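Take a look at the letters that make up each chain.
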Amino acid sequence: MPERISFHDQISRNKLKSFFLIAIIFIIFLVIGYVISMIYGQSDPYLFTIIMIISIVVSISYILISYYNSDKIALASVNAKLASQSEYRQYHNLVEGLTLASGMPKPRLYVMNNPQINAFASGRDPEHAVICVTTGALEKLDKQELEGVLSHELSHIANYDIRFMTLTAVMVGMIAIISQIFLRSLWFRGGNRDDNKGNAIFMIIGIILAILAPIVVQLVQFAISRKREYTADASAVMFTRSPTGLIKALKKIQNEHPSPQQVQESRQKINKSIAPLFISNPFKTSMKELTSTHPPLNKRIEILEHM
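Worth saying up front: this structure is predicted, and the values here are computed from it rather than measured.

About the thresholds
Residues numbered from 1 in each chain as written. Predicted model: local features only at pLDDT ≥ 70, side-chain atom pairs only at ≥ 80, totals over all residues. Heavy atoms only, no water. Buried < 20%, exposed > 50% of the residue type's maximum accessible area, 1.4 Å probe, protein only. Helix = DSSP H or I, 4+ residues; strand = E, 2+ residues; numbered from the N terminus. Pairing = 2+ DSSP bridges. Salt bridge = Lys/Arg side-chain N within 4 Å of Asp/Glu carboxyl O. Core = buried A, V, L, I, M, F, W, Y, C linked by side-chain atoms within 4.5 Å. Contact = heavy atoms within 4.5 Å. Axes fitted to C-alpha atoms, helices over the stretch in contact; angles between N-to-C directions. Parallel < 35°, antiparallel > 145°, perpendicular 65-115°, else oblique. Nonpolar A, V, L, I, M, F, W, Y, C, P; charged D, E, K, R; others polar. Patch = residues over 30% accessible without salt bridge, like charges linked within 9 Å, V, L, I, M, F, W, Y side chains within 5 Å. Areas by Shrake-Rupley, 256 points an atom, 1.4 Å probe, with all protein chains shown as cover. Expected span 1.5 Å × (residues − 1). Polar contact = N/O pair within 3.5 Å; in protein donor to acceptor, adjacent residues only side chain to side chain.

Trainee: Any chance you could break down the pairing of strand 3 (residues 119-122) for me, citing the residues and the numbers?
Mentor: Neither face of strand 3 is left uncovered, since the one carrying Ala119 and Ala121 and the one carrying Phe120 and Ser122 both have all their residues buried. As defined by bridge partners, strand 3 adjoins strand 4 (residues 130-134) across four bridges and the pair is classed as antiparallel. Bridging from a neighbouring strand, Ser122 pairs with Val130 of strand 4.

Right, dumping it as structure tokens:
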């Protein structure tokens, strides 16, 4: 019989892996910065500094605006409506019970019109958090299953996942912008033939890094997103003290087979940038795990079944 998995161990392991992955992004950022500084250090001593300042200001400004308005942006993008207490009594009661047990403030609750079973949480911290569920989730899930889904979303809020993923997005964005500015700046250096051999080597390394680094850090960002999903699953078990509801909900999601028209409607109604927030990929794509923001449902179910 397979060994039981402790949800505490699962949470700790996935958090450690997340910090390790973000460390990789930081190291790549330092390496590409060092190489570009070596390239421009002699001929254009101030150019790299200007590149860094511009990229950092643009990246941080864009991400911070998104971060402080993450709940409003996410809700507006899916045309979500505030869930009234009278119409969605069970929804409110389940969230109130979970927040009372965990000591968290109750987030604002919303509903989006979509026949698929899904949900997401957003907001920069527990005091500014929102949870949104689809009409499909409210119609197709029983009380225990809905509680499992809601506990998963509350776990994202409790673990400050929006803040963590924002930090990741800032670093990934800076690397992408630095790489683009560096590659474009080469056009203005095209006629410069006074580079020595050492500088030429750094130039080659710089070009390779500028092309590959954004791709690599994007894959690392996907991996971090998957680890946060595993962590939220384990934290949900900690909230409810049982994996049964979430397992049953994930199995129902796994067995859903939306029509091509429904998938197309999801693509039109849901912004691709907020898709990672959902408990499962709303586009039902068959992407390989390496390029997916969500772990395979069968893996998540298997881990939960051993808790």
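Trainee: I'd like to hear about the pattern of salt bridges, residue by residue, with values.
Mentor: Across all of its chains, the model carries eight salt bridges by this definition. Residue Lys106 pairs with Glu96 through a salt bridge whose shortest N-O separation is 2.9 Å. Of the two residues, Lys106 is situated in the loop between helix 4 (89-102) and strand 2 (108-112) and Glu96 in helix 4; the sequence distance between them amounts to 10 residues. For Lys106, a relative accessible area of 33% puts it in the partly exposed group. Looking at Glu96, the relative accessible area reads 25%, which means it is partly exposed. Measuring nitrogen to oxygen at the nearest pair gives 3.2 Å for the salt bridge that ties Lys251 to Glu305.

Trainee: Please set out the nonpolar core residue by residue, giving values where relevant.
Mentor: One finds Tyr91, Ile131, Val133, Leu150 and Leu250 to be the most contacted residues of the largest nonpolar core, which totals 35 residues. Of all the secondary structure elements, the ones that give two or more residues to this core are helix 4, strand 2, strand 3, strand 4, helix 6 (143-158), helix 8 (197-240), helix 9 (244-254) and helix 11 (297-305). Not counting residues up to four positions away in its chain, the partners in contact with Ile131 are Tyr91, Pro107, Arg108, Leu109, Tyr110, Phe120, Ala121, Leu150, Glu153, Leu154 and Ile157.

Trainee: Account for the packing of helix 6 against helix 9, with residues named and values stated.
Mentor: Interaxial distance between helix 6 and helix 9 falls to 7 Å at its minimum, and their mutual angle equals 95°. The orientation of helix 6 relative to helix 9 falls into the category roughly perpendicular. Of the residues in helix 9, those touching helix 6 at Gln144, Glu145, Gly148, Val149 and His152 are Thr244, Gly245, Leu246, Lys248, Ala249 and Lys252. Here the contact of helix 6 with helix 9 is built from residues that sort into three nonpolar, five polar and three charged.

Trainee: Run through the sheet that holds strand 4, naming residues and quoting values.
Mentor: Here four strands make up an open sheet; going across it, the order is 1-2-4-3 and the pairing mixed. Of all the strands in the sheet, just strand 1 (81-82) and strand 3 have a single pairing partner and so form its edges. With respect to the sheet, helix 3 (residues 70-77) is in contact with strand 2, strand 3 and strand 4, its orientation differing from that of strand 3 by roughly 150°. Strand contacts of helix 6: strand 3 and strand 4, with the helix running at about 150° to strand 4, the strand carrying the most contacts.

Trainee: A description of a nonpolar patch on the surface should follow, citing residues and the corresponding values.
Mentor: Judged by side-chain polarity, Ile204, Ile208, Ile211, Leu212, Ile215 and Val216 come together as a nonpolar surface patch covering roughly 540 Å² of accessible area. Mapped onto the fold, Ile208 is located in helix 8. The class of Ile208 is partly exposed, set by a relative accessible area of 45%.

Trainee: Explain helix 6 to me, using residue names and the numbers behind them.
Mentor: Between its first and last C-alpha, helix 6 extends 22 Å over 16 residues, near the 22 Å set by a 1.5 Å rise per residue. Most of helix 6 sits out of view: 12 of its 16 residues are buried. Within helix 6, the full set of buried residues consists of Glu145, Leu146, Gly148, Val149, Leu150, Ser151, His152, Glu153, Leu154, Ser155, His156 and Ile157. Between the side-chain oxygen of the N-cap and the backbone nitrogen of Gln144 there are 3.1 Å, and the N-cap of helix 6 in question is Asp142. At the C-terminal side of helix 6, Tyr160 shows a positive phi close to 55°.

In short, shape yes, function no, at least from these values alone.
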